[in-house]
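Residue-level structural notes
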Amino acid sequence: MFGYIVVNQPELRIREWEMYHSYYCGLCRILKQKYGRVGQSTLSFDMTFVLMLLSGLYEPETVCGKSRCVMHPGKKHEYRYNELTEYAADMNMLLAEYKCMDDWKDDGKRLRLMTARILGRRTGESKRRYAKKLEQIAVSMEKLSRAEEQGVTDLDRMAGYFGQVMSRVVTCREDEWTSILHRFGFYLGKFIYLLDAYEDLEEDIKKNRYNPLRERYQAPDFEQSCQDILTMMMSACCREFEQLPILDNVEILRNILYSGVWSRYKAVRDRRQKAETTN
């Protein structure tokens, strides 16, 4: 359920792309420092977005610099990090562990189980630091897992469980912005869950795996219905976002929310439509 919260790079100015990439590099840098290479391998665009969102809201003092890395050895790249980068790194690792365990349950891939165990050994301190938050996340994930095992097809209920997870992730402090961030993360999480189900539908049907959209797939209005639901979730998410007093990098964040998040949806929809016309 990760990799959906991305930028629409062609629509960004060069400096905006460089700014976005500097946060991405800063998160990568902190992941390596705290968790080593295995932590670095979990780096995601989703948590880069969360980092930029929270940095824009709270405006912490930020460290900037330039360096080379294994991925970009030929040229120095700008990086930036702040106190919220460590929070984003911790959440990135914990969610990556959940994702590996989810893959293990779905496909029985032992490599994913081994990776989850490796990540689990690296995240002990973070689990203690965010014990209350992780308990809340674990409750939502357990409810989601149980409902999937029971074959529940109520989209609002199923997406809502993952919405609760993301609402905890984007809420890093208890302050005047908590309620807005909570609702923002909730709708964002619902969007991610439903888009993930939409993308994986054919493969889940082929492998006889759970998918909340499975019963709707043959409906004549399936595509329009999915688009309407996703649009409703992202509209609610953006409505909450616009209430936040964010000025720094707000155009990059809007690029992601109003355009970037739809790139995977459009790619899947176009592929599906092409396959239907070919057949």
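Residues numbered from 1 in each chain as written. Predicted model: local features only at pLDDT ≥ 70, side-chain atom pairs only at ≥ 80, totals over all residues. Heavy atoms only, no water.

The next subject is the overall build of the protein chain. Summing up its helical and strand segments, the protein chain has 11 helices and 2 strands in all. In sequence order, the protein chain lays out its α and β elements as α-α-β-β-α-α-α-α-α-α-α-α-α. Relative to a compact globule of 279 residues, whose C-alpha radius of gyration would be 19 Å, the protein chain shows 19 Å and is just as compact. Its C-alpha atoms give the protein chain principal-axis dimensions of about 55 × 45 × 40 Å. Here the protein chain holds 279 residues, and the buried ones make up 48% of them. Pairs at least 24 apart in sequence give 69% of the contacts found in the protein chain among residues at least 6 apart. When the accessible surface of the protein chain is totalled, it reaches about 14300 Å², and 49% of it is carbon and sulfur. (Helix = DSSP H or I, 4+ residues; strand = E, 2+ residues; numbered from the N terminus. Rg over C-alpha atoms; globule rule 2.2 N^0.38 Å. Buried < 20%, exposed > 50% of the residue type's maximum accessible area, 1.4 Å probe, protein only. Contact = heavy atoms within 4.5 Å. Areas by Shrake-Rupley, 256 points an atom, 1.4 Å probe, with all protein chains shown as cover.)

With that out of the way, let us pick up the packing of aromatic side chains. Given two aromatic rings, one states the distance between the centres and the angle between the planes to describe the pair. Applying the stated rule across the entire model yields 12 aromatic pairs. Between Tyr24 and Phe45 the ring centres are 5.1 Å apart and the planes differ by 20 degrees, which places this aromatic pair in the stacked class. Taken together, the positions of Tyr24 in helix α1 (residues 14-40) and Phe45 in helix α2 (residues 45-58) put the pair 21 residues apart, joining distant regions of the chain. On the basis of relative accessible area, Phe45 is assigned to the partly exposed category, the value being 34%. Ring centres of Tyr198 and Phe222 lie 6.2 Å apart, and the angle between their planes is 20 degrees; on these two criteria the pair is classed as stacked. Of this pair, Tyr198 sits in helix α8 (residues 178-206) while Phe222 is found in helix α9 (residues 222-241), placing the two residues 24 residues apart along the sequence. With respect to burial, Tyr198 and Phe222 carry one shared label: buried. Ring pairing ties together the aromatic residues Phe191, Tyr198, Tyr217, Phe222, Trp262 and Tyr265, which thus form one cluster. One Lys or Arg, Arg173, reaches over the ring of Tyr58 and ends 4.1 Å from the middle of that ring. (Phe/Tyr/Trp six-rings, centres within 6.5 Å; stacked < 30°, edge-to-face > 60°. Lys NZ or Arg CZ within 6 Å of the ring centre and 35° of its normal.)

Along its 14 residues, α2 runs 20 Å from first to last C-alpha, staying within 8% of the 20 Å computed at 1.5 Å per residue. Within α2, 13 of the 14 residues are buried, which leaves the element mostly enclosed by the surrounding structure. Looking one or two places after α2, you find Glu59, whose phi comes out positive at around 50 degrees. (Expected span 1.5 Å × (residues − 1).)

A few words now on the side chain of Ser22. For Ser22, the location among the structural elements is in helix α1. Residue Ser22 is classed as buried on the basis of its relative accessible area, which comes to 0%. Not counting residues within four places of it along the chain, the set of residues in contact with Ser22 comprises Glu78, Tyr79 and Arg80.

Quick look at the nonpolar core now. Ranked by size, the top nonpolar core spans 84 residues in total, and within it Phe49, Phe184, Leu188 and Met234 carry the most contacts. Beyond its immediate stretch of four places on either side in the chain, Phe184 contacts Phe49, Leu53, Val170, Cys237, Glu240, Phe241 and Leu257. (Core = buried A, V, L, I, M, F, W, Y, C linked by side-chain atoms within 4.5 Å.)

A few words on the environment of Val6. Mapped onto the elements, Val6 comes out in the segment before α1. Residues Val6 and Ser126, spaced 120 residues apart in sequence, show a C-alpha to C-alpha distance of 26 Å. With residues up to four places along the chain from it excluded, the contact list for Val6 reads Phe45, Ile256, Gly260, Val261 and Ser263.

On the surface, a cluster of positive charge is contributed by Lys66, Arg68, Lys75 and Lys76. For Arg68, the location among the structural elements is in the loop between β1 (63-67) and β2 (77-81). (Patch = residues over 30% accessible without salt bridge, like charges linked within 9 Å, V, L, I, M, F, W, Y side chains within 5 Å. Salt bridge = Lys/Arg side-chain N within 4 Å of Asp/Glu carboxyl O. Lys, Arg positive; Asp, Glu negative; His and termini not counted. Charge placed at Lys NZ, Arg CZ, Asp CG, Glu CD.)

Turning our attention to the pattern of salt bridges. Scanning all chains against the criterion turns up 23 salt bridges. Residue Glu97 pairs with Lys127 through a salt bridge whose shortest N-O separation is 3.1 Å. Of this pair, Glu97 sits in helix α3 (residues 83-107) while Lys127 is found in helix α5 (residues 124-129), placing the two residues 30 residues apart along the sequence. On the accessibility criterion, Lys127 (31% relative accessible area) is partly exposed. One salt bridge in this structure joins Glu203 and Lys207, with 3.1 Å as the shortest N-O distance. On the accessibility criterion, Glu203 (38% relative accessible area) is partly exposed. The class of Lys207 is partly exposed, set by a relative accessible area of 46%. A single salt-bridge network, built from bridges that share partners, covers Lys34, Glu86, Asp90, Glu125 and Arg129.

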